[in-house]
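Topology and contacts: notes
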Amino acid sequence: MITGEHKLTYGAISLSSINTGARRRLAKKLVDIDDAYVISIDQEKNYLLILSIEDGLWRLIEDTAADPSRGQVEIYREMSIDESGMPIICRAASRWGTDRTPGRPSVYDDAKEGQEIFVSHVYEGKSIRAIAADMKMSPSTVQKILNRVRLSVAEKMLKGELTLSPDSPTYSKSLDVLRWAMRNTKGEAQEKYRQFLKTTI
């Protein structure tokens, strides 16, 4: 990996995974973004291609880290993705994945693979990349399933179908799931999670 960025991998990206000194502009951007994902890495060039989702807007971010030893300053670029073009990108990605992953089902069962992914990531702390390798899925597929199951679990907590007890060893992790759901929903649903969290904590 890039020097000082040993935690950097494909999938979700956070401030803790990058060299903030060499990527100051990217670091400042990540402060305000909840959903950002590394989709391409060029280690030799210290280059990252990132997909960010902010306030419903999709952007591609290119960032090449500063390298004073080479006299190189950080190069940072952003490009918006037109909403009308997203279905085309998704269809192309779907065909690409189908052509290159024979033998794998196109639809996974949230009650089986989904629960395994959820527990591994949320409660056991396993990375998206590690789970993807274990389950022979792409990191993006793992992330998609995780988000779906995480929202389902949060909804069950909200409805009282899953108990939320401060005495439970997983209490803080469950609160994180609810907070994630609040930050990834809008309108009435978001407000319900916000109020539920306030009365639960």
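Approximately 1000 Å³ is the volume attributed to the second largest pocket. Along the walls of the second largest pocket sit 34 residues, with Ala12, Ser14, His121, Arg150 and Trp180 positioned nearest its centre. Of all elements in the fold, only strand E1 (11-12), strand E2 (35-42), helix H3 (110-123), helix H4 (128-135), helix H5 (139-158) and helix H6 (171-183) reach the threshold of two or more residues within the lining of the second largest pocket. It is H6 that provides the largest number of residues to the lining of the second largest pocket, a total of six residues. Along the lines of polarity and charge, the residues of the lining of the second largest pocket split into 13 nonpolar, eleven polar and ten charged.

Let's shift gears to the pattern of salt bridges. Evaluated as defined, the whole model comprises eleven salt bridges. For glutamate 54, the salt bridge identified is with lysine 29, shortest N-O distance 3.3 Å. Of this pair, glutamate 54 sits in strand E3 (residues 47-54) while lysine 29 is found in helix H1 (residues 24-31), placing the two residues 25 residues apart along the sequence. Between arginine 70 and aspartate 67 there is a salt bridge, with the nearest N and O atoms lying 3.3 Å from each other. Using a relative accessible area of 56% as the deciding quantity, one classes arginine 70 as exposed. Residue classification places aspartate 67 among the buried positions, given a relative accessible area of 14%. Salt bridges linked by common partners bring Lys29, Glu54, Arg59 and Glu78 together as one network.

A word on the packing of H4 against H5. Remark: H4 packs on H5, axes separated minimally by 8 Å, with the N-to-C direction vectors making an angle of 105°. Here H4 lies roughly perpendicular to H5, going by the angle between them. Between H4 and H5, the residues in contact are Ile128, Ile131 and Ala132 and Pro139, Val142, Gln143 and Leu146, respectively. Classifying every residue of the contact of H4 with H5 gives six nonpolar, one polar and no charged.

With that out of the way, let us pick up the nonpolar core. Within soluble globular proteins, side chains that are nonpolar generally end up buried alongside one another. Within the largest apolar cluster, 27 residues are counted, with the highest numbers of intra-cluster contacts made by Ile117, Phe118, Met137, Val142, Leu164, Val177 and Leu178. Secondary-structure elements contributing two or more residues to this core are H3, H4, H5, H6 and helix H7 (187-200). With near-sequence residues (within four places) excluded, valine 177 lies in contact with Phe118, Val122, Arg150, Val153, Ala154 and Met157. Judged by nonpolar contacts, the second largest core, of 14 residues, contains Ile13, Leu26, Ala36 and Tyr76.

Now for the environment of asparagine 147. Among the structural elements, asparagine 147 can be located in helix H5. The spacing of asparagine 147 and isoleucine 117 is 30 residues in sequence and 9.9 Å in space, taken between C-alpha atoms. Setting aside residues no more than four positions away along its own chain, asparagine 147 makes contact with Tyr37 and Trp180.

Thresholds applied
- Residues numbered from 1 in each chain as written.
- Predicted model: local features only at pLDDT ≥ 70, side-chain atom pairs only at ≥ 80, totals over all residues.
- Heavy atoms only, no water.
- 1 Å grid on protein atoms, 1.4 Å probe; cavity = no way out; pocket = protein on both sides within 12 Å on 5 of 7 lines; lining within 4 Å.
- Points joined across faces, edges and corners; volume = space filled by probe spheres on them.
- Helix = DSSP H or I, 4+ residues; strand = E, 2+ residues; numbered from the N terminus.
- Nonpolar A, V, L, I, M, F, W, Y, C, P; charged D, E, K, R; others polar.
- Salt bridge = Lys/Arg side-chain N within 4 Å of Asp/Glu carboxyl O.
- Buried < 20%, exposed > 50% of the residue type's maximum accessible area, 1.4 Å probe, protein only.
- Axes fitted to C-alpha atoms, helices over the stretch in contact; angles between N-to-C directions.
- Parallel < 35°, antiparallel > 145°, perpendicular 65-115°, else oblique.
- Contact = heavy atoms within 4.5 Å.
- Core = buried A, V, L, I, M, F, W, Y, C linked by side-chain atoms within 4.5 Å.

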